[in-house]
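Each chain, written out:
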4 protein chains.
Amino acid sequence: MAMVCLSDFEAYAKKYLPKIAWDFFAAGADDCSTRDENILAYKRIRFRPRMLRDVSMMDIRTKLLGTEISFPVGIAPTGFHQLAWPDGEKSTARVAKAMNTCYIVSTYSTCTLEEISAAAPGGLRWFQLYIHRNRAVSQQLVQRAEALGFQGLVLTADLPYTGKRRDDVRNGFRLPPHMKLKNLEGAFEVCKMSPLDPSVTWNDIYWLRSLTHLPIIIKGILTKEDAELAVRHGVQGIIVSNHGGRQLDGGPATIDALVEVAEAVQGRVEVYLDGGIRKGSDVLKALALGAKCVFIGRPALWGLAYKGEEGLQDVLRILQDEFRLSMALAGCASVSEIGRHLVQFSKL
Amino acid sequence: MAMVCLSDFEAYAKKYLPKIAWDFFAAGADDCSTRDENILAYKRIRFRPRMLRDVSMMDIRTKLLGTEISFPVGIAPTGFHQLAWPDGEKSTARVAKAMNTCYIVSTYSTCTLEEISAAAPGGLRWFQLYIHRNRAVSQQLVQRAEALGFQGLVLTADLPYTGKRRDDVRNGFRLPPHMKLKNLEGAFEVCKMSPLDPSVTWNDIYWLRSLTHLPIIIKGILTKEDAELAVRHGVQGIIVSNHGGRQLDGGPATIDALVEVAEAVQGRVEVYLDGGIRKGSDVLKALALGAKCVFIGRPALWGLAYKGEEGLQDVLRILQDEFRLSMALAGCASVSEIGRHLVQFSKL
Amino acid sequence: MAMVCLSDFEAYAKKYLPKIAWDFFAAGADDCSTRDENILAYKRIRFRPRMLRDVSMMDIRTKLLGTEISFPVGIAPTGFHQLAWPDGEKSTARVAKAMNTCYIVSTYSTCTLEEISAAAPGGLRWFQLYIHRNRAVSQQLVQRAEALGFQGLVLTADLPYTGKRRDDVRNGFRLPPHMKLKNLEGAFEVCKMSPLDPSVTWNDIYWLRSLTHLPIIIKGILTKEDAELAVRHGVQGIIVSNHGGRQLDGGPATIDALVEVAEAVQGRVEVYLDGGIRKGSDVLKALALGAKCVFIGRPALWGLAYKGEEGLQDVLRILQDEFRLSMALAGCASVSEIGRHLVQFSKL
Amino acid sequence: MAMVCLSDFEAYAKKYLPKIAWDFFAAGADDCSTRDENILAYKRIRFRPRMLRDVSMMDIRTKLLGTEISFPVGIAPTGFHQLAWPDGEKSTARVAKAMNTCYIVSTYSTCTLEEISAAAPGGLRWFQLYIHRNRAVSQQLVQRAEALGFQGLVLTADLPYTGKRRDDVRNGFRLPPHMKLKNLEGAFEVCKMSPLDPSVTWNDIYWLRSLTHLPIIIKGILTKEDAELAVRHGVQGIIVSNHGGRQLDGGPATIDALVEVAEAVQGRVEVYLDGGIRKGSDVLKALALGAKCVFIGRPALWGLAYKGEEGLQDVLRILQDEFRLSMALAGCASVSEIGRHLVQFSKL
């Protein structure tokens, strides 16, 4: 089976992963409308490609908070990589480093932050955080991450409670006994979300700021109002995200929400996006609408499920090649030439 | 079979109810466009969820005309509950009381008002009324209901004649011989609608007012013009309803009609909605667009068909849990925080 | 099989008519987009039904150019009724008279105008005309019709050439040898359309006017520009029609074109519609948007195919009952209460 | 099998061509959205047909840069005609001449320009050019074409790199060993696109102008900005094209892009279109929206695949007949009567 595009990896993963693991990765909340909208929304955006521009020298590099990456696609925080591949997040870290891009490590990883760091020393990594009722747990995680050289702190804002993912309920999803939420061992029982604190508010950004010098990126923003609050509370970045459609069903596609967030932010902080990226041209659309970089969630897991590090690298390479080609065919030789003029919303 | 969401109860009921009963409950008029639109219309409404708001203490209670209920979902008037469960409306009444919510008892119930009241003393109940050609029949019903402690009178306005439900015509639907329209025994022959008076007009509200001290709620309003008339004729509440799509096919989805009704009413009376509620997030959308409470019709019957009182309670609990979770994920800790700002209409 | 709605007759006809006849009746031009749009367009129109209006006495009669008919549905001109039922147009004429409505007899009928008149003396009939290269043929037809008591002359304007109906080409459609275009015998060879004159212009209305005292109704108008020209050339009525989608594929649904035609005409002449009427509520929508009456084409043929006169009468009765019920449920007790306020166009 | 419309030829070709050849001709980039949009977009355009205009004498001729052709449909440049029919482009040239229309010969033809010219002396032909890194190759091709009597030079602007056509990657598409890119023999290895120069810019139009007296037509323009640049750089014609959806996936349908290009150009140069033409009425829509002529790509190949010259002639004759009929049914007797007033965009 030739792996030509990301859907090929999806088909493979669906076929070969244990059903309970596939269902967990694929799950959306309720009717999965938002999960599916994340993808459908790209189809309503049309390019306005420009011709006869010199695209012989393509430069697809960009910077994340000042650090150069090889192209504007990073790896979003998703949990439980060992469900997809035995080496879990260690493999993910190695590939991200090899591809010179950013990997956002989930709190719910099945390897420790120390193992992940040791697997790929010097790689660009951010740490994704949930705030726990027991604030000491969160504080310790933040400080471990900073000490290990993580370069950013990503606060997930859209999970005061876990969304209702019907298949996980039906399957009675829980981690197999040989896997652990290793970063949280001792802190609470595996796969029970209630330790997360639903009383977190914007003021807790100040508390986080007091714990660390790392830049703070807030993940899960979908409105201009919250984007404005994020800027005012001093974050360095915003990830427009709906948690892959796994939290509130019925919210907007991230590519649609990006438009209003980017307009509100007006470049005061960097804006990123995750959700629905399946092709290089999706990346180009997101950049045209104001994202500095996008992050992939499920496709990275499909790559791991296919062939571990090699599979994930294939996924990233395909996206990289497709992105470079889409840019060239749209008439852009470097990321700086991408802008709002490049797209229009279809009347459909 | 795990009952995770309301569709699970629908699938069960479709499989296990006698076809003639399933068809009767499921029926819509003509092509069933309006019945189906009731559901589809929710998919065109997008949340604008807000993040980092303290949702640790959730308060989902609301009030119906001053009486507190546990959450803003009541039971709409539907006929013939014994078709779904032997104890019929007595079971429905018990569950509504146990869940502390409002049950609108249909004129076409298969238990008497007295049996229903005795089954769940002290429960919050409204009585749904059709006006008969023989006004004495209606007068007697209203006065029986008031005497039995019903707390509201719901006048159905959209049934001067019965809609054309093709499957009922094909099936030659009628009640099995052991079931009766018990509240009307002696008044007219079972399942023959012609006794209803198609000459009823707004002035008959004054006549109803003269019969009872109960608040009058009018059910079946779909336009701002009629909403204005309802307010002017002194009703206490309006239920935006298209009779589950069983009357005029081609009318608007109730969630769409709600917008114009709520705008016209401007809070002068309470506005409710029935039709198409299948998930907690649907309830949230309806409240955001101006409903004080919603009522479920078919899902209550599916719950009864599944396991009687236990099944109906499952249905209400699922809606309650989903509604609470949707509120929290949208950033609302109490019903009073829900408002128009929470939703937008999709361009699709 | 219970015949409950018009689709039941369609299914019957599709199953029992010879394929070549079914295909001929069902045919649309090219991709059949316009044929299908005729039906789909009704689904985008939403009622704004009004409640609590006295609908105990329903009056569904209307007038066509001053002549009362029992309800605003007539029979459109379609050819070759003997393909559907042995007695052909004689049966159609008898039913139209029995139902007290108008039958527009096609030039391409398989019975003579004389036979048709004799079959149902005194029935309200209009004669549909194509203008032939040999004007004497058309003149003779007009004068025969007038002499036989036809009360209107319907000039078809949208067939300078016959549309491309793929199935008819594939089937090599032609009439069976025992059927004839009896009104044209001797005038030209059966089923060869070239005798029609593609040079007809608006001035030929004056020529027709010189031949007859009958009111002239023009059929096939789809734009406000042509509606204006029709009024200026002195016609008495306009039928908004796209020939059932059998001529130019890609034109508008007739219910959509009706809006602009009715607005342009402003009541100066009567406006009718054919195309896509399948339910009583479709009739109500057409009247709300400005039609004085609608005409059914294919459904009449399905009725004939089912049981001849009895079948056609069933079709008309069903439409009549559905129309009356839709009116009542929308809050209109007489045709004069129907108006533009009753409908809105769906955002979808 | 009766060949009634172009889809019949498509079905034939899909069935009888080798899969690898069918896939190559059918291929679109990525998800094939743009390829499919090219066709779907026509369905959203509605005619506003006019009635009772004298259409007895139909004149469907037009002129391409001053040269009369029999109707406004030419043959777009597509490669590798021998994959469809042994005689390849020689057959195509013969049919174009017989039908008195224009054939744009692709650089990637499997016959030499000399063979093609000799096959149909005196036929109207334009030559399609890619600019190679080795400019001498391009210069020689242009000058050969001019010397052979080609009357126009079509510069393809949308292929700095080849689009990602998944099926071609999966199939490992390459020409069979007995076929050659004959015009490029010696210039570079068969089917390796890298010799094309991705650094081409608008200034290269001046270079081309210095090489030849032929009119220059630029192919691949999709925006008003590039249309303006094309006019300013002195081209004689613009082909609105997205390369059949084979280059940048996610761009607009050509019929949609035509509107903005034609508005920007305001008649200063001729505007043409390719992409999605499947029926005579599509041609009419394109002309109504500003195209002087359209070109067909895949349908020509289907015709060749069916029966070589006879098949291609069938395809063109069908389009010609359908176009003439559509014009007549829309009320236009000559191409000069076609205009923007003839169409509107559907709300859908």
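As shown above, the structure is provided for reference.
What you see is a predicted model, and the numbers here were worked out from it, not measured in a lab.

**So, the packing of helix H1 (residues 6–16) of chain C against helix H12 (residues 298–307) of chain C**
Residue and element names in this part refer to chain C.
Logical step 1: The contact between H1 and H12 brings their axes to 8 Å, and the two run at 60°. As the angle between them shows, H1 and H12 are arranged oblique. Seen along the crossing, H1 lies across H12 with a hand that is left-handed. Contact residues: H1 offers Leu-6, Phe-9, Glu-10, Tyr-12 and Ala-13, while H12 offers Pro-299, Trp-302, Gly-303, Ala-305 and Tyr-306.
Logical step 2: Looking at side-chain class alone, the contact of H1 with H12 contains eight nonpolar, one polar and one charged residues.

**Details of the relation of the copies chain B and chain C**
Logical step 1: Note on the identical chains: chain B maps onto chain C by a rotation of 90° and an axial translation of 0.0 Å, with an RMSD of 0.0 Å. Between the two chains, the operation in question is that of a four-fold axis.
Logical step 2: A different interface surface on each copy is seen, since only 3% of the contact residues of chain B are contact residues in chain C too.

**As for the interface of chain D and chain A**
Logical step 1: Every contact between the two is made by 38 residues of chain D and, on the other side, 31 residues of chain A.
Logical step 2: The junction of chain D with chain A conceals about 2,900 Å² of combined surface from both sides, 59% of it contributed by carbon and sulfur atoms.
Logical step 3: Here Lys-279 of chain A makes a salt bridge to Asp-31 of chain D, at a shortest N to O gap of 2.6 Å.
Logical step 4: When residues of the side of chain D that touches chain A are traced back to their parent elements, those giving at least two are helix H7 (166–171), strand E8 (216–221) and helix H9 (224–232) of chain D.

**Some thoughts on the packing of aromatic side chains**
Logical step 1: In this structure the tally under the stated criterion is 52 aromatic pairs over all chains.
Logical step 2: When the centroid spacing of 5.2 Å and the interplanar angle of 35° are considered together, the rings of Tyr-108 of chain A and Tyr-130 of chain A count as tilted. With Tyr-108 of chain A in the loop between strand E5 (103–105) and helix H5 (113–119) and Tyr-130 of chain A in the loop between strand E6 (125–129) and helix H6 (135–147), this pair connects stretches of sequence that are 22 residues apart. Each member of the pair Tyr-108 of chain A and Tyr-130 of chain A is classed as buried.
Logical step 3: A cation over a ring is seen here: Arg-135 of chain A above Trp-207 of chain A, with NZ or CZ 5.1 Å from the ring centre.
Logical step 4: Geometry around Phe-24 of chain D places Arg-246 of chain D over its ring, the cationic atom sitting 4.8 Å from the centre.

**A word on the pairing of strand E9 (residues 237–240) of chain D**
Residue and element names in this part refer to chain D.
Logical step 1: Neither face of E9 is exposed, since Gly-237 and Ile-239 on one face and Ile-238 and Val-240 on the opposite face are all buried.
Logical step 2: Pairing geometry for E8 and E9, over four bridges, is parallel. Bridge assignment links Lys-219 to a residue of E9, and that residue is Ile-239.
Logical step 3: Inspection of the sheet shows E9 paired to strand E10 (residues 270–274) by four bridges, in the parallel sense. Along E10, the bridge assignment pairs Ile-238 with Val-271.

**Concerning the relation of the copies chain D and chain A**
Logical step 1: With an axial shift of 0.0 Å and an RMSD of 0.0 Å, the rotation relating chain D to chain A amounts to 90°.
Logical step 2: Both copies present different contact surfaces, since only 3% of the interface residues of chain D are interface residues in chain A too.

**Quick word on the nonpolar core**
Logical step 1: Grouped together as the largest cluster of nonpolar side chains are 116 residues, with contacts concentrated most on Ile-218, Ile-238, Ile-255 and Phe-323 of chain A.
Logical step 2: Excluding its chain neighbours within four sequence positions, the residues that come into contact with Ile-238 of chain A are Ile-217, Ile-218, Ile-221, Ala-227, Ala-230, Val-231, Val-261, Val-265, Val-269, Glu-270, Val-271 and Tyr-272 of chain A.

Rules and cut-offs
Residues numbered from 1 in each chain as written. Chains lettered and ligands numbered in written order. Predicted model: local features only at pLDDT ≥ 70, side-chain atom pairs only at ≥ 80, totals over all residues. Heavy atoms only, no water. Axes fitted to C-alpha atoms, helices over the stretch in contact; angles between N-to-C directions. Helix = DSSP H or I, 4+ residues; strand = E, 2+ residues; numbered from the N terminus. Parallel < 35°, antiparallel > 145°, perpendicular 65-115°, else oblique. Left-handed = near helix turned anticlockwise from the far one by under 90°. Contact = heavy atoms within 4.5 Å. Nonpolar A, V, L, I, M, F, W, Y, C, P; charged D, E, K, R; others polar. Least-squares fit on C-alpha atoms with pLDDT ≥ 70 in both. Buried area = accessible area lost by both parts, 1.4 Å probe. Salt bridge = Lys/Arg side-chain N within 4 Å of Asp/Glu carboxyl O. Phe/Tyr/Trp six-rings, centres within 6.5 Å; stacked < 30°, edge-to-face > 60°. Buried < 20%, exposed > 50% of the residue type's maximum accessible area, 1.4 Å probe, protein only. Lys NZ or Arg CZ within 6 Å of the ring centre and 35° of its normal. Pairing = 2+ DSSP bridges. Core = buried A, V, L, I, M, F, W, Y, C linked by side-chain atoms within 4.5 Å.

These values are about where atoms sit, not about what they do.
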